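Now for the letters of each chain:
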4 protein chains.
Amino acid sequence: MTNDGIIVELAPLPPLSRRRFEICEHKGLGHPDTLTDGACEAAAVALAGAYRKAFGRSMHFNVDKGLLIGGRSSPRFGGGELLLPPKLVICGRAAASDGRFGVETVAAEAARTFLRQTLRRAAEAFRIECEIRAGSASLQGLYGTDAAPNANDTSIGVGFWPYSPLEQVVLKTAALLGSHTLRARFPAAGDDFKVMGLRRDGAIALTVAIALVDCEVHSAAQYFEIKQALADWLTVQLGIRPEINTLDDAAAAGEAGLYLTVTGLSAEMGDDGQVGRGNRINGLITPARVMSLEAAAGKNPAGHVGKLYNVLAHRIARAVCEEVPDIAEASVQLVSQIGRPLSEPWAAYVQVVTSAPLSLVRREEVRAVTASRLARVYELALRIETEGIRLA
Amino acid sequence: MTNDGIIVELAPLPPLSRRRFEICEHKGLGHPDTLTDGACEAAAVALAGAYRKAFGRSMHFNVDKGLLIGGRSSPRFGGGELLLPPKLVICGRAAASDGRFGVETVAAEAARTFLRQTLRRAAEAFRIECEIRAGSASLQGLYGTDAAPNANDTSIGVGFWPYSPLEQVVLKTAALLGSHTLRARFPAAGDDFKVMGLRRDGAIALTVAIALVDCEVHSAAQYFEIKQALADWLTVQLGIRPEINTLDDAAAAGEAGLYLTVTGLSAEMGDDGQVGRGNRINGLITPARVMSLEAAAGKNPAGHVGKLYNVLAHRIARAVCEEVPDIAEASVQLVSQIGRPLSEPWAAYVQVVTSAPLSLVRREEVRAVTASRLARVYELALRIETEGIRLA
Amino acid sequence: MTNDGIIVELAPLPPLSRRRFEICEHKGLGHPDTLTDGACEAAAVALAGAYRKAFGRSMHFNVDKGLLIGGRSSPRFGGGELLLPPKLVICGRAAASDGRFGVETVAAEAARTFLRQTLRRAAEAFRIECEIRAGSASLQGLYGTDAAPNANDTSIGVGFWPYSPLEQVVLKTAALLGSHTLRARFPAAGDDFKVMGLRRDGAIALTVAIALVDCEVHSAAQYFEIKQALADWLTVQLGIRPEINTLDDAAAAGEAGLYLTVTGLSAEMGDDGQVGRGNRINGLITPARVMSLEAAAGKNPAGHVGKLYNVLAHRIARAVCEEVPDIAEASVQLVSQIGRPLSEPWAAYVQVVTSAPLSLVRREEVRAVTASRLARVYELALRIETEGIRLA
Amino acid sequence: MTNDGIIVELAPLPPLSRRRFEICEHKGLGHPDTLTDGACEAAAVALAGAYRKAFGRSMHFNVDKGLLIGGRSSPRFGGGELLLPPKLVICGRAAASDGRFGVETVAAEAARTFLRQTLRRAAEAFRIECEIRAGSASLQGLYGTDAAPNANDTSIGVGFWPYSPLEQVVLKTAALLGSHTLRARFPAAGDDFKVMGLRRDGAIALTVAIALVDCEVHSAAQYFEIKQALADWLTVQLGIRPEINTLDDAAAAGEAGLYLTVTGLSAEMGDDGQVGRGNRINGLITPARVMSLEAAAGKNPAGHVGKLYNVLAHRIARAVCEEVPDIAEASVQLVSQIGRPLSEPWAAYVQVVTSAPLSLVRREEVRAVTASRLARVYELALRIETEGIRLA
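Residues numbered from 1 in each chain as written. Chains lettered and ligands numbered in written order. Predicted model: local features only at pLDDT ≥ 70, side-chain atom pairs only at ≥ 80, totals over all residues. Heavy atoms only, no water.

Novice: Could you clarify how one ought to interpret the interface of chain C and chain D in this entry?
Specialist: Interfaces are frequently sized by the accessible area removed from exposure as the parts join. Taken together, the 81 residues of chain C in the interface contact 81 residues of chain D. Both faces combined, the contact of chain C with chain D buries some 7,000 Å², and carbon together with sulfur accounts for 62% of it. For chain C, the biggest contributors to the area lost against chain D are Arg-277, Leu-293 and Trp-346 of chain C; these three give 11% of the whole. Linking chain C with chain D are six salt bridges, by the criterion used here. Asp-271 of chain D is paired through a salt bridge with Arg-93 of chain C; the nearest N and O atoms lie 2.9 Å apart. (Contact = heavy atoms within 4.5 Å. Buried area = accessible area lost by both parts, 1.4 Å probe. Salt bridge = Lys/Arg side-chain N within 4 Å of Asp/Glu carboxyl O.)

Novice: Can you help me understand the relation of the copies chain C and chain D in this one?
Specialist: Each of the two chain copies can be generated from the other by rotation about an axis followed by a shift along it. Expressed as a screw operation, the relation of chain C to chain D combines 0.0 Å of axial shift with a rotation of 180°, fitting to an RMSD of 0.0 Å. The superposition operator between the copies reduces to a two-fold rotation axis. The fraction of interface residues of chain C whose copies in chain D are also interface residues reaches 100%, indicating that both copies meet through the same surface. (Least-squares fit on C-alpha atoms with pLDDT ≥ 70 in both.)

Novice: Quick question: what am I supposed to make of the sheet that holds strand E13 (residues 273-274) of chain A here?
Specialist: By definition, the strands of a sheet pair up through backbone hydrogen bonds, in either a parallel or an antiparallel sense. Residue and element names in this part refer to chain A. Across the sheet, four strands lie side by side as E7-E6-E3-E13; this open sheet has mixed pairing. Single-partner strands in this sheet number two, and they are strand E7 (127-133) and E13. Where strand E6 (residues 87-94) meets E7, seven bridges bridge the pair, whose relative direction is parallel. If you follow Val-89 over to E7, its bridge partner there is Glu-129. Along the sheet face, helix H1 (residues 32-55) touches strand E3 (61-69), E6 and E13 and points at about 150° away from the line of E3. (Pairing = 2+ DSSP bridges. Helix = DSSP H or I, 4+ residues; strand = E, 2+ residues; numbered from the N terminus. Axes fitted to C-alpha atoms, helices over the stretch in contact; angles between N-to-C directions.)

Novice: Is there a simple way to explain the packing of helix H1 (residues 32-55) of chain C against helix H9 (residues 377-387) of chain C in this structure?
Specialist: Each pair of packed helices can be summarised by the angle the axes make with each other and by the distance between the axes. All names here are of chain C. Two elements in contact, H1 and H9, have axes whose closest approach is 7 Å; the angle formed by their N-to-C orientations is 105°. Taken together, H1 and H9 sit at an angle that is classed as roughly perpendicular. Facing Val-45, Ala-48 and Arg-52 of H1, the residues of H9 in contact are Leu-382, Ile-384, Glu-385, Thr-386 and Glu-387. (Parallel < 35°, antiparallel > 145°, perpendicular 65-115°, else oblique.)

Novice: Explanation requested: the relation of the copies chain B and chain A in the structure shown.
Specialist: Superposing chain B onto chain A requires a rotation of 180° together with a translation of 0.0 Å along the rotation axis, leaving an RMSD of 0.0 Å. Take the interface residues of chain B: 100% of them recur as interface residues in chain A, which is what a same-surface contact looks like.

Novice: Sorry if this is basic, but what is going on with the packing of aromatic side chains here?
Specialist: Two descriptors summarise a pair of aromatic rings, namely the distance from one centre to the other and the angle between the planes of the rings. With the rule as written, the count across this model stands at 32 aromatic pairs over all chains. Through pairs of rings, three or more aromatic residues link up here, namely Tyr-51, Phe-55, Phe-61 and Phe-101 of chain A. The aromatic ring of Phe-160 of chain C is capped on one face by Arg-289 of chain C, whose charged end is 3.9 Å from the ring centroid. (Phe/Tyr/Trp six-rings, centres within 6.5 Å; stacked < 30°, edge-to-face > 60°. Lys NZ or Arg CZ within 6 Å of the ring centre and 35° of its normal.)

Novice: Just checking my understanding: could you explain the interface of chain B and chain A for this structure?
Specialist: With 80 residues of chain B at the contact, the number on the chain A side is 81 residues. The three residues of chain B that bury the most area against chain A are Arg-277, Leu-293 and Trp-346 of chain B, which together make up 11% of that side's buried surface. Inspection of the chain B/chain A interface yields six salt bridges. A salt bridge links Asp-64 of chain A to Arg-277 of chain B; the shortest N-O distance between them is 3.4 Å. At the boundary of chain B with chain A, the tally comes to 18 residue pairs in polar contact (both at pLDDT 80 or more). When its residues are assigned to classes, the side of chain B that touches chain A shows 37 nonpolar, 21 polar and 22 charged. (Polar contact = N/O pair within 3.5 Å; in protein donor to acceptor, adjacent residues only side chain to side chain. Nonpolar A, V, L, I, M, F, W, Y, C, P; charged D, E, K, R; others polar.)

Novice: So what exactly am I meant to see when it comes to helix H4 (residues 165-177) of chain A here?
Specialist: Because each turn of an α-helix spans 3.6 residues, side chains separated by three or four positions end up pointing in the same direction. All names here are of chain A. With 13 residues, H4 should reach 18 Å at 1.5 Å per residue; the first-to-last C-alpha distance of 18 Å fits that figure. Buried within H4 are the following residues: Leu-166, Glu-167, Val-169, Val-170, Thr-173, Ala-174, Leu-176 and Leu-177. Packed against the buried residues of H4 are strand E2 (21-27), strand E8 (156-161), helix H5 (180-185), strand E9 (189-200), strand E10 (203-213) and helix H6 (220-238). (Expected span 1.5 Å × (residues − 1). Buried < 20%, exposed > 50% of the residue type's maximum accessible area, 1.4 Å probe, protein only.)

Written out as structure tokens, the structure is:
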């Protein structure tokens, strides 16, 4: 794309952090949506690798639909029972492998490995099903021996930089809740959690929902003690006191009114999940920011613009802020058109907030940074193909 | 909520329509995501009705997860074959019905009826499966005999008003593509389509992808004639010429390079769908607007804030624009907290663009309009429960 | 078939009832295998009717595979909970209906209706899934407009007559356990039962396993009282005292050691079922008699010899005994060959036990009775198509 | 069991081979029923091993229900396409593994390995799903630390010896069709075949149905040449000329009228399979012999009498013939009663055909052989648990 095609515009609006109100959300690593995303992304990386190994190049696939059907459980203080395991369905399309490997077997094994690496409990209990079919001929045609595949769809990718202070605290809370330190210190803390942050003027409020594990909790009293200790510990780390499991019924005598689980996962009891309903590729859900509905997880980055352009827009926004002086905040929108080269989006739009008037020089620098990243989009696609993306 | 709690802020930014760049998207009524949304929403309305009929009140349910697993087909000029039907999975939780009715039967029948009313072809061919389980006790407890249920989750609802000219043209294109007039005039036009709109400064570009039906098309030449005629007709109606099926390969001799289908649905050939991945409750996907990731379809509005607050925020934004003078554009954010009354959000934030300086009087009027809508939230919940929402 | 082709042979063996040892078994109407058979047979009758209504003639179908995946339950004295419903999968092939009706919808609705008519409890709770695909072209070709379709397979049908005294008492026990009288008198008696009969010389032993329904039983003591009363009542009716639920643990304090269920069905707790694993078309399982492994349920009788020839052989055996003097017992074997007319089996073999030496006249009479039944096989096929067969 | 309890009776009937009529059938190793049996049996062996490894002893399981849902294919001379893979569902119950291993993962992997070892093509393409649930408490209770578990059901096991000449030729045909020699000589011969044998007086007729593989067949003419060559070769080996694929339509121009497949399996095109519908544990289906309906495959032999007693009855019949002089044929029936030790059947019945009058000495010898085999039933159970059984 020529630099001239890139639209750069000044946002007269102040950065998000200086507005009076702000909300954002993070779904933790054991959240049903996050698990489904992670499993499909693991399947995508494994499929790309299997095609390269068997055929010397990647081929058409797209496993960006998935459903986690929650199970049934019977939590009890001291240890209950998982009555019915959750079922994970990985759905999509993939080119036939000519019998050199089993497409669905590769996907299912990658998903299982992902669960084992992610969850402390119950990874074996998940039932995994694949519904992966051959795609339509015209879409498969986009994948030839081309060094530079074209867009497979008319899609939008967006990104922004930097994270606001609220967003940073939400991400830090998530990191703490998933950390080895917390897991060691609070064995009762489950892998499934959710963090919601809200700022009204200067006041930040944090709400955390986290599943507790029944075999580590022996009474309602102990449940509330653990919750208290967890809140205390987080307060020290964050400087803000989160509210935890606000739905808990302190008056309830038994297990019923508490967020108590057998496995540390809400998916054990009917909480279902889907691909593309959780965190965006920046780890957050931010309704007042530019935000894409595209599911990144499970897509083949080579040509599935919905994945690649979101990662790319995020990286461009960051590069613009870090490499161009006076840029306080950037948000980027990229639009592909089906059949066009990936390095030539139909539209590229960068909106910036500056700490000084936006000069022509700066404007050109923003264009140059953007263009340089677009030019290296195939390199990025290859890296994503190999490494996958993390959504939590 | 007291009016004082409602934050009203001036957006110094010009309305979206005056920015240099804008994109938005609509997924048509036969798009796999839209079908999955519609089926789950139909199931939700049916379940609410069945509970009221059997028990005199609604009960806990949530069928907001769904997966449409695409089939396989063999399109041929003059009429091909559907080799494997698509499979629709409706997933969620619902209170047990004590045998008075079958929860899954009610949901499946409602989904079937929805398909019959929506699609001209192949409604019978869909395989429908339900995975609806009893929910956890604490969530079920939110549904008592209360006239005023509380929030079941910490969720965000957002909305804006008015539609920009680009958004209006995308919605109009969608309406035309789904209209009786077009269906009568172009029998080859399928029910599955997608509209993407993009504006660069004053120039609007429209891209339409629409499945053509093979039994109405007898050659590649006729395919391109129909496409041309459709583009001509839309141009007359819209004043803008859309590009249609840009991936078509004009050089291809046979069916392979064209968007040709047996049923008019991409779901016949492996295009999968999910709940919550399509249009927002305003009928659009708008990455640069406030936008929620919550899936509205399939939720019980009484207490599932993710559904109710999005509809409510949309209505508040509209009411603010229509009832308060000088308000050119409004965007609304509402945040619930688990356990709080629905009429008392944790936060309500209204950002306005005005055609005149924002006076204290106007600010109070915005608050008053917002508060009046919040006060009637239960009425809205009941209407949604009975009528459902439309996403396309 | 010409009479000469029919082989008639004298069995020097005495009738079964005069041998020293004999066993037979009946699976009751709520047994998982019987339910799966019944559901598939109901689907077959409904499909045949739907084809006739839509196309004026029957078409190719075969839904003779089915799986009942047991659920999970938590029985409690006074009434427990069905945690996970059983799932019934109806599997097979059927000609496409051109959209005039939904093949899988017709099958699923017929199965649901069958469950409602058969079970007193939990019919609504069953999850029903269909996996019905189009068949291969050559098999479909067997169904043209022919008045007289040919065999679709090389299959064996067998039958015998009369029932031995042991077999009669097993069938009578089954009839009593499924009767209105018993259901009214013993509301705690479930729909799922099994009867095993064994004779050693003159001594008959009957074992009955029958699920009791927890909401009708309030203690272990009452459980054993009901069992006793049921045994008493059956003893009066049968003249033989059956042993009931021999696995019961009289020492067990709670529900655990008893055959206690929420729904009266073992399928609620993981007891799975399959088509073709239950009673033969004469209502019994008789390992020492001629016996076919063919599943009759779910097949299209017009051409699916596995179904038709078993019914026919049973009827021929009966007719031979009833219409030819001196015939004390008959067993019949019919073999089809793929592609041959149904009225022309590859082999027809009748083995008889006589009360007098087998004269040439009698032998010819046996042949004549057999031939006359073979000649009317299409009539029988049509009646089966319309009415279905009963396996319990 | 004391010898006195074993009933031995003379069958005045001549051995089967001297009657005027006889039929039997074998389903080959790639037949859908055989594959389902084999997969469930492989799962059973793997589960038993996993329990022993993790817990030091076997535990309760029963995976004796299974369904193979056929796929869809498009065979073409020179090589067609598998449009939709077959799906194998393994269903049953198993004690929870406490997370030490995944019950369903172990079963699915064993089934996959079985397919790879059995099939030359398409083993990777099968979709494998497990539906394995925890069993009811009372059944689990049968598996304690007992050295000698009790019967879990009232079941019947039967067996006979020797094979008749017809049965031997059917088994030999099956062995040839699955042999390395044939596979090397006829690469077009598929893994799915079925053999039906029929004898009328001295004349034996053999019918073979065998799938041909499309990539090894380039025209209808070549198809018929291969069939001819295969029939010639089998005739030399067997001394009898089989009829092959009698449904073939010699007049058909294209692929449609032939038994042509992509994978060599009828399961690719909607031919479904089930556990327990194929060969008995002696490798045959013999309607006029003693025959059990029990599915042996997938059962835990320790306590699942339906499996163990069939194997045992077969072995007793063989031992009686081989170890007791003058015994020409034996058929054995064993009946368990739920809760009784396996070595103490409710009834044991041996019917013999002798070449000399049945003396008291011989009668006692038959009893002794039977009793000695019953006494070693636990040893047999252990061997079956470790090695599994072969049904084809």
